[in-house]
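# Structure at a glance
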Amino acid sequence: MNADILVLVAAMVASSLLCIAVRNRKAVSTVMPACSLLLLALCLNLCVPVLGGEVVDDGVFWMDPLSAVFMLLVAFVGFVASLYSRAYIGLEAEEGVVSRRENGVYYSLLIVFISVMMLTFTVRSMAVVWLGIGATTLVSTFLVGFYSRDESTEAAWKYIILCSVGITIALFGLTLVYASTVGVIDSDHALDWPALMEHASELDPNMMRMAMVLIIVGFGTKVGFFPMHTWLPDAHSQAPSPISGLLSAVLLNCAMYGILRFYGVSEVLDPGFASTIMLVFGFLSLGAAAFFIITSRDLKRMLAYSSIENMGLIAIGFGIGTPVAIAAALLQMTAHSVTKPILFFSAGNVIQSYGTREMSRIRGVSRSMPFTAAALAVGTLAIVGCPPFSVFVGELSLMLGALDSGMAWAVALTVALLAIVFAGMARNVFPMLSGEPPEYARDLRGFSRTAPLVILIVATLALGLFMAESVSDWIGNAASSVTGVFP
Amino acid sequence: MDQLISANLVDLCAVLMLLTSVMAVATTRMKPLITLFSLQSVFLAAEAFIVAYTSGESHIYIMCALTLVLKVVVMPRMLLYIMGKIHVDKEVDLSIGIPGSLLASGFMIFVSYYIAEPLISTMETVERSCLAISLSIILIGLLMMCTRRKAITETIGLLMMENGLFLGAIALSHGMPLIVEIAAFFDVMVAVIIIGIFANRINKSFNSVDTSFLRRLKE
């Protein structure tokens, strides 16, 4: 079992070194997606048995179905984002916006970024998980500030400052968790998640409560909970589009994973405490994002707010806290991760062709770039929760979970806010598709521009239409490992 | 008797750290601010030394040494170097005045003691005030980050928050397993390097590291 993890880690190191070593611009843009495809394959090999319920337990490494779900999503979205980078960054390199050196730096950082995110989910100690989440911020800061424009520098600055503050607050929470284990767990293993879960009911409850507040606020800053979200729209709109997709679809999940592990422990010790905080942040984020989606004028900022909205929905699922709702939240997270990159990538195509992110200045996409327009329309319908896409299934099961636990008010509020989101997204996106395109708008084609969108659309459709039995079992297993209670 | 002296010394160091934080809030010039930060780090190192000596946990000595090297010597030098290189204005740019900031930090200390009260009632005497004080230092650091407009003052606010965090970590848990401490220092170090680079770039774009110029990204 452990051989698989070691092979994966070795592959990460080797492919990072390879991407740094390859100097040729064209070569590196092909080598890097190939490397991330290899990582995806190795990750599948590792994760499929784990998803079935087998636990990897070996030294520093420890994985259960929950970590496997997160890891698989990173590997999958990482691969499509690298493939799309080949088209997106390739065009900018041809136009001279990105120099040969910057091109090399981009691909090296991208593979390191994906590897660090994947590694975060493989470790046993929550202290190392914290370190992984911190490291993802450091690596991705350079990707957010990749263009040397003033606005990108500003976005990267806000990103690193706010996320560093969040990470610091979360570490203080971890210290308190450690303090609450004194006398219960041997100090060398005090922050190991399995040990924490095993002794959850013996921890100091007062200490744990304060720790939970700090951890949810700290990691929540990086998840993008309102009102700590202010870095998120800036970073997502200023980063290159493949990176925006990656940030939105999987980076936010990494911080959510940090919260979830402690959420599980806290719910055993003190049922209803952590989940109430999650519920409050969930509704705050959903409500604020609904408002900002309606009023936004910048295409990528609107998509960023839609990520905040989805993180809010996921938090509401954990806030309800029944096994059904937790599974629904994980399903919603999976659906968001495979759907959101469709929007960021097709937005990337539009932005490169029109040279603006201002939605009022983009018209006639369906005539100038038919495939992108179709992807944008499909992506929009999918993300606002139209059937038959996966987000619909996620949101529906979330409502069912809420009804199940008698929280009709939550259902009513969520539906009302989702209706606002639906109206806002539709009002902003669909006018861009119709009308007369300006003369300078050109269609952008190519395998690496089309293939990622096709793969993602197939994935979101497949998840929505034929929720394979194995997949729902996997999600169920992951949900059970959040609470540590296996049916 | 020995126990009592060390407990008092631990408390003294913690209070001195809090005092430097409050003084930092009241400082209007950049250089004294950096000096105050390194002074606070000296007290943190002293605190670590006393706890290491009394608890006999040798890995806290490493933390003490790391603090002395990184936070007392390297980081202040680096901040001064950045300041010299980009000709930053010598004055701290405030968005609320000194009296307001001091009042707010007083309030933060009050809030910290209020929050920490239910936790510290069950604790040993040594750790009692340290939790509340470390929380105060973190909150005051946050306040500095929110009310000071320069990139460098934001950085110092973050570093002071980290100092508060380490005070808490040493006093509360007698130092978490060593890996965390080294990891945390590593993280801070890399963060400062990145912040240095960005301070440079922000300077290039705006001719000043005043982050109030960072107001281009809006709805």
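Residues numbered from 1 in each chain as written. Chains lettered and ligands numbered in written order. Predicted model: local features only at pLDDT ≥ 70, side-chain atom pairs only at ≥ 80, totals over all residues. Heavy atoms only, no water.

## Remarks on the overall build of chain B
For clarity, the threshold we go by: Helix and strand definitions follow DSSP, with helices as H or I runs of at least four residues and strands as E runs of at least two, each counted in order from the N terminus. We call a residue buried when its accessible area falls under 20% of the maximum for its residue type, exposed when it is over 50%, and partly exposed in between, using a 1.4 Å probe and counting protein chains only. A contact between two residues is defined here by any heavy atoms of the two lying within 4.5 Å. Computed by Shrake-Rupley with a 1.4 Å probe, the accessible areas treat only the displayed protein chains as cover when residues are assessed.
Looking only at helices and strands, one finds 7 helices and 0 strands in chain B. Reading the helices (α) and strands (β) of chain B from amino to carboxyl end gives α-α-α-α-α-α-α. Classification of the 219 residues of chain B by burial places 55% in the buried group. Across chain B, contacts joining residues at least 24 apart in sequence account for 77% of those joining residues at least 6 apart. Total accessible area on chain B is roughly 9300 Å²; 68% of this is exposed by carbon and sulfur atoms.

## A look at the pattern of salt bridges
Residue and element names in this part refer to chain A. For clarity, the threshold we go by: Basic side-chain nitrogens of Lys or Arg form a salt bridge, by our definition, when they fall within 4 Å of a carboxyl oxygen of Asp or Glu.
This model, assessed by the stated rule, comprises 11 salt bridges over all chains. Of the charged contacts in the structure, one is a salt bridge between D234 and K158, with a shortest N-O distance of 2.7 Å. Note that D234 is positioned in helix 9 (residues 231-238) and K158 in helix 6 (residues 150-180), a separation of 76 residues in sequence. Exposure remark for D234: the relative accessible area of 1% places this residue in the buried category. On the accessibility criterion, K158 (22% relative accessible area) is partly exposed. In this structure, the salt-bridge partner of R357 is D298, at a minimum N-O distance of 3.0 Å. Of this pair, R357 sits in the loop between helix 13 (323-354) and helix 14 (365-368) while D298 sits in the loop between helix 11 (273-295) and helix 12 (299-320), and the two are 59 residues apart along the sequence. On the basis of relative accessible area, R357 is assigned to the partly exposed category, the value being 24%. Taking relative accessible area as the criterion, D298 reaches 12% and is therefore assigned buried. Within this structure, E154, K158, D234 and R301 form a network of salt bridges that share partners.

## Let's talk about the domain arrangement of chain A
Residues and elements named next belong to chain A. This is how the line gets drawn: Domain start and stop positions are those given by an automatic or database domain assignment. Two parts placed together each lose some accessible area; with a 1.4 Å probe, that loss summed over both constitutes the buried area. The definition of a polar contact used here is a pair of N or O atoms within 3.5 Å, where within protein one atom must be able to donate a hydrogen and the other to accept one, and adjacent residues in sequence count solely through side-chain atom pairs. Lys, Arg, Asp and Glu make up the charged group, whereas Ala, Val, Leu, Ile, Met, Phe, Trp, Tyr, Cys and Pro make up the nonpolar group; the residues left over, Gly among them, are polar.
Under the domain assignment, chain A is made up of domain 1 (1-124) and domain 2 (125-483). The distance between the C-alpha centroids of domain 1 and domain 2 comes to 20 Å. Each partner contributes to the interface: domain 1 provides 43 residues, whereas domain 2 provides 57 residues. A combined buried area of about 4500 Å² lies between domain 1 and domain 2, and 78% of that area is made up of carbon and sulfur atoms. Viewed at the interface, domain 2 and domain 1 are joined by 2 salt bridges. The closest approach of N and O atoms between D64 and R261, which form a salt bridge, is 2.7 Å. Remark: the boundary between domain 1 and domain 2 carries 12 residue pairs in polar contact (both at pLDDT 80 or more). Looking at the side of domain 1 that touches domain 2, the elements with two or more residues in it are helix 2 (25-51), helix 3 (65-95) and helix 4 (100-120). It is helix 3 that contributes the most residues to the side of domain 1 that touches domain 2, 23 residues altogether. Residues of the side of domain 1 that touches domain 2, tallied by class, amount to 31 nonpolar, 6 polar and 6 charged.

## Looking at helix 6 (residues 151-173) of chain B
Basically, it comes down to this: The length a helix should cover is 1.5 Å for every residue beyond the first.
Under the 1.5 Å per step criterion, the end-to-end length of helix 6 of chain B is 33 Å for 23 residues, consistent within 8% with the ideal 33 Å. Within helix 6 of chain B, 23 of the 23 residues are buried, which leaves the element mostly enclosed by the surrounding structure.

## Some words on the packing of helix 4 of chain A against helix 10 (residues 241-269) of chain A
All names here are of chain A. As a reminder, the rule being used: Inter-axis angles, ranging from 0 to 180 degrees, are taken between N-to-C directions of lines fitted to C-alpha atoms, where helices are fitted over the stretch in contact. By definition in this entry, angles of less than 35 degrees are roughly parallel, angles greater than 145 are roughly antiparallel, angles of 65 to 115 are roughly perpendicular, and the rest are oblique. Take the far helix as the reference: if the near one is turned anticlockwise from it by less than a right angle, the crossing is left-handed, and if turned clockwise, right-handed.
Remark: helix 4 packs on helix 10, axes separated minimally by 10 Å, with the N-to-C direction vectors making an angle of 25°. With respect to their mutual orientation, helix 4 and helix 10 come out roughly parallel. For the crossing formed where helix 4 meets helix 10, the hand is left-handed. In this structure, helix 4 uses Y106, L110, F113, I114, M117 and T120 to contact helix 10, whose residues at the interface are P242, I243, L246, L247, V250, L251, C254 and Y257.

## A word on a nonpolar patch on the surface
Spelled out, the test is: Patch membership requires over 30% relative accessible area and the absence of a salt bridge. Like charges are linked within 9 Å, and nonpolar side chains (Val, Leu, Ile, Met, Phe, Trp, Tyr) within 5 Å.
A cluster of nonpolar residues, V13(A), L17(A) and I20(A), forms a patch on the protein surface that exposes about 280 Å² of accessible area. Relative to the helices and strands, V13(A) resides in helix 1 (residues 2-21).

## Here's the deal with the nonpolar core
Operational definition: Throughout, nonpolar core names a set of buried Ala, Val, Leu, Ile, Met, Phe, Trp, Tyr and Cys residues whose side chains join them through atoms within 4.5 Å.
Counting 213 residues, the largest nonpolar core has M118(A), F225(A) and L330(A) as its most contacted members. When residues in this core are grouped by element, the largest group, 19 residues, is from helix 3 of chain A. For this core, the domains that each give at least three residues are domain 1 (1-124) and domain 2 (125-483) of chain A. What M118(A) contacts, discounting residues up to four positions off in sequence, is L8(A), M12(A), L39(A), C43(A), M71(A), V74(A) and A75(A). Residues C13(B), F43(B), V51(B) and I140(B) belong to the second largest nonpolar core, which totals 43 residues.

## Things to note about the environment of S180(A)
Residues and elements named next belong to chain A. Here S180 lies in helix 6. Residues S180 and M208, 28 residues apart in the sequence, show an inter-C-alpha distance of 6.5 Å. Dropping the residues within four chain positions of it, S180 is found in contact with L203, D204, M207 and M208.

## Brief notes about the packing of aromatic side chains
Residues and elements named next belong to chain A. Short version of the rule: Side-chain rings of Phe, Tyr and Trp, where Trp is taken by its six-membered ring, are said to pair if the distance between their centres is within 6.5 Å; with planes under 30 degrees apart they count as stacked, over 60 as edge-to-face, and otherwise as tilted. Any Lys NZ or Arg CZ that is within 6 Å of a ring centre and within 35 degrees of that ring's normal is treated as a charge sitting over the ring.
Enumeration over the complete set of coordinates arrives at 17 aromatic pairs over all chains. Pairing F283 with W409 gives two aromatic rings, centres 5.7 Å apart and planes at 35°, and the pair type is tilted. In this pair, F283 is assigned in helix 11 and W409 in helix 17 (residues 408-433), connecting sequence segments 126 residues apart. What makes F283 buried here is its relative accessible area of 12%. What links up through ring pairs into an aromatic cluster is the set Y106, Y107, F146 and Y147. Geometry around W193 places R261 over its ring, the cationic atom sitting 4.3 Å from the centre.

## A word on the environment of I160(A)
Here I160(A) shows up in helix 6. Taking the C-alpha atoms as reference points, I160(A) and A93(A), 67 residues apart in sequence, are found 26 Å from one another.

## Examining helix 13 of chain A
Residues and elements named next belong to chain A. Under the 1.5 Å per step criterion, the end-to-end length of helix 13 is 46 Å for 32 residues, consistent within 8% with the ideal 46 Å. In terms of residue burial, helix 13 counts as a mostly covered element, since 29 of its 32 residues are buried. Directly beyond the C-terminal end of helix 13, a positive phi value near 70° is found at G355.

## A word on the confidence of the model for chain B
To be explicit about the condition: Looking at any residue, its pLDDT shows the predictor's confidence there, from 0 to 100.
Averaged over every residue, the pLDDT of chain B is 79; the share at 70 or more is 72%. Least confident of the elements in chain B is helix 7 (residues 178-206) of chain B, whose mean pLDDT is 63; most confident is helix 2 (residues 30-55) of chain B, at 89.

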